[in-house]
Amino acid sequence: MMPAPNSLCHAADSSPTGPCYRVLMWEQDALAPEALAQWATARKELLARMRDAGIKGSRGMLAQLENELRELTARAVEAPLVTCARSARLITRVGALEAALRADSGVLAYRFHPAALELLVQLQGELGVDALVAHWQAAATDVCWYPAPLVECLSPREAMEWQAGCRVAAMEQAAAREAEEEAETRPFHHVTVLAREAVDALLPAEGRVLVDATLGGGGHSELMLRAGATVWGIDQDPAARAAARKRLAAYGERLHIVAGNFRNAATLLAEHGVEQVDGLLADIGISSPQVDCAERGFSFLAEGPLDMRMNPAAPRSAADIVNTATEAELADILWQYGEERASRAIARRIVQERAKAPIRTTTQLAAIISSVLPRKGKQHPATRSFQALRIAVNDELGALEALLESGLSLLKSGGRFAIITFHSLEDRAVKRYFDRVTRPEIDRPEWPSPRPNPEYAARSIFRKPLTAGEAELASNPRARSAKLRVIEKL
Ligand SMILES: C[S@@+](CC[C@H](N)C(=O)[O-])C[C@H]1O[C@@H](n2cnc3c(N)ncnc32)[C@H](O)[C@@H]1O
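Residues numbered from 1 in each chain as written. Predicted model: local features only at pLDDT ≥ 70, side-chain atom pairs only at ≥ 80, totals over all residues. Heavy atoms only, no water.

I'd like a rundown of the overall build of the protein, residues and numbers included.
Across its full length, the protein holds 18 helices and 14 strands. Seen through its principal axes, the protein has C-alpha atoms that stretch 80 × 60 × 60 Å. Residue burial in the protein is summarised as follows: out of 490 residues, 50% are buried. If you take every contact in the protein between residues at least 6 apart in sequence, the share linking residues at least 24 apart comes to 70%. When the accessible surface of the protein is split by element, carbon and sulfur atoms take 53% of a total near 24,000 Å². (Helix = DSSP H or I, 4+ residues; strand = E, 2+ residues; numbered from the N terminus. Buried < 20%, exposed > 50% of the residue type's maximum accessible area, 1.4 Å probe, protein only. Contact = heavy atoms within 4.5 Å. Areas by Shrake-Rupley, 256 points an atom, 1.4 Å probe, with all protein chains shown as cover.)

Explain the pairing of strand S3 (residues 107–113) to me, and be specific about the residues and the numbers.
Across the seven residues that make up S3, a large majority, seven, are buried. Inspection of the sheet shows strand S1 (residues 8–11) paired to S3 by four bridges, in the antiparallel sense. Directly across from Leu8, in S3, lies its bridge partner Phe112. Pairing of S3 with strand S4 (residues 116–121), which is carried by six bridges, proceeds in the antiparallel orientation. Residue pairing across strands places Ala109 opposite Leu120, the latter belonging to S4. Connecting the antiparallel pair S3 and S4 is a turn made up of two residues. (Pairing = 2+ DSSP bridges.)

Lay out unusual backbone geometry with the relevant residues and their values.
A positive phi angle, close to 50°, is found at Leu203, a residue other than glycine. Here Leu203 is to be found in the loop between helix H6 (195–201) and strand S6 (209–212). Using a relative accessible area of 40% as the deciding quantity, one classes Leu203 as partly exposed. Even without glycine at this site, Glu339 takes up a positive phi of about 50°. We classify Glu339 as partly exposed; its relative accessible area is 38%.

Any details on the packing of aromatic side chains? Residues and values, ideally.
Counted by the stated rule, this structure contains five aromatic pairs. On the numbers, 5.3 Å between centres and 85° between planes, the contact of Phe300 with Phe386 is edge-to-face. Taken together, the positions of Phe300 in the loop between helix H10 (288–292) and helix H11 (318–324) and Phe386 in helix H15 (residues 383–393) put the pair 86 residues apart, joining distant regions of the chain. Take Phe386: its relative accessible area is 3%, and that puts it in the buried class. One aromatic cluster is present, formed by Phe417, Tyr433 and Phe434 through successive ring pairs. The ring of Trp162 is capped by Arg111, whose NZ or CZ atom sits 5.2 Å from the centre of that ring. A cation sits over an aromatic face here: Arg478 above Phe422, 4.6 Å from the ring centre. (Phe/Tyr/Trp six-rings, centres within 6.5 Å; stacked < 30°, edge-to-face > 60°. Lys NZ or Arg CZ within 6 Å of the ring centre and 35° of its normal.)

Describe the confidence of the model for the protein, with residues and values.
Chain-level statistics for the protein give a pLDDT mean of 90 and a share of 96% at 70 or above. The low-confidence segment residues 1–6, where pLDDT is below 50, has 19 contacts with residues more than four positions distant or belonging to other chains. (pLDDT = per-residue confidence, 0-100.)

Let's hear about the sheet that holds strand S5 (residues 150–154): which residues, and what values?
Taken together, five strands build an open sheet; the order of strands is S1-S3-S4-S2-S5 and the sheet is antiparallel. Each edge of the sheet is formed by a strand with only one pairing partner; in this case those strands are S1 and S5. Strand-to-strand twist of the sheet, defined as the mean angle between neighbouring strand axes without regard to direction, takes the value 10°. Across six bridges, the pairing between strand S2 (residues 20–26) and S4 is antiparallel. Note on S4: the bridge partner recorded for Leu24 is Glu118. Helix H3 (residues 95–103) contacts S1, S3 and S4 of the sheet and is inclined by roughly 160° relative to S3. Relative to S1, helix H5 (residues 156–183) is tilted by about 125°, and along the sheet it contacts S1, S2, S3, S4 and S5. (Axes fitted to C-alpha atoms, helices over the stretch in contact; angles between N-to-C directions.)

Describe the site of the ligand, naming the residues involved and giving the relevant values.
Neighbouring the ligand are 24 residues, the closest being Thr192, His220, Asp235, Phe262 and Asp283. The backbone of Thr214 places a nitrogen or oxygen atom 3.5 Å from a nitrogen atom of the ligand. Tallied by class, residues from the shell around the ligand come to six nonpolar, 14 polar and four charged. (Near = heavy atom within 4 Å. Polar contact = N/O pair within 3.5 Å; in protein donor to acceptor, adjacent residues only side chain to side chain. Nonpolar A, V, L, I, M, F, W, Y, C, P; charged D, E, K, R; others polar.)

What follows is the structure, encoded as structure tokens:
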């Protein structure tokens, strides 16, 4: 299984010296009972066929059935345990259980998932796997375990690979924690846009639970907290989370900070046992410190690595795209996400230049773009291309679409969904989706009369999007393109 973003990994220093067991144990209600029952039936059938194949000595058939069983288990049990956590209490209660695992010298590695624990053990004393599992389960007394954990025997080589995967994940987690701690010491200055308008639209009050899907520096969250609400703040940038944690420390337990991408908001919240909330805000885009920090590579004005990842652990940077995408792919990115009319010419020049040497820095790329597109007027010629690359690197439109599709399901009836956008591509997506779900009826030319809209689920709060007033524009020019749209779940 791949570790989930908030899994917790550990690998012991000692390596496997003989056969090992991989054990997967999980919380009783982590998987839907119907899905578990289906899996158990299919497994029983496969095991019966394996027994027959064994009796007949048909090795080929046996291997094929073993594969089928592995795939079935991966699909029906392992993958859902990582991606969807129905109860998800385990990850928040690892304390005593983790101590028991660390004290056991036979435990070579483990990964906690939100509602499951996967571990690698090499038997040492008299105790068999079942007795060990019972011992570990007893260390987490308040967790109700599914009674039949999965146990798989691994060869020393497979065990070594599994342990190495855990070791790498544990190192990455430690590096991310360190980066976040270090970020806490840096200044973070972001002026919140449409602060009052967006927060008031969510009706913050004591007892209401709100999600700030783009926590950033915590500007919107602070107003929600001040009004008495409980806030779940999501951000994929460790620097933003660190800044918000520091700024909002005074609100104690009413603020919960969650690392991750808002495209997975429903899963991230479910992992913490939150199923439905009273309001959700997303203030889409980047924060000022992300642009201002040359090291992050968002700005064509300052020399920096061509990075542009909001989540520094994301696999693909702007340099990766610029140096590996085909000319046609580059032109598409610049055209679709930057509406750059010179997209083909810029893509061609990028491909010519990178054939001489890889394009590594922001200013290098800006100079290449400027050589195709001389400056006209106030806007820097690289503005649209940098926006396009940033959107591609962070899959911003994909994340927004995913949030739109899942947002309403997170809301209670009467819950509010508010989105602030900064450019037409985002606003178009929000407008289209909000229109789709707020229209009671739909009509088509070929229909004799309008029909009820099966997606009708919300009402608009404002007839037109809200924009910044003069006072805000005077103090924060970044607010000039901001648009706030809000709907309320029926
Ligand atoms: C405009 S800032 C939010 C500022 C915040 N509302 C405030 O007032 O301080 C946007 C933040 O959302 C984060 N962000 C953007 N897209 C995201 C995504 N798909 N998932 C999680 N965080 C995201 C960025 O890292 C950034 O910190």
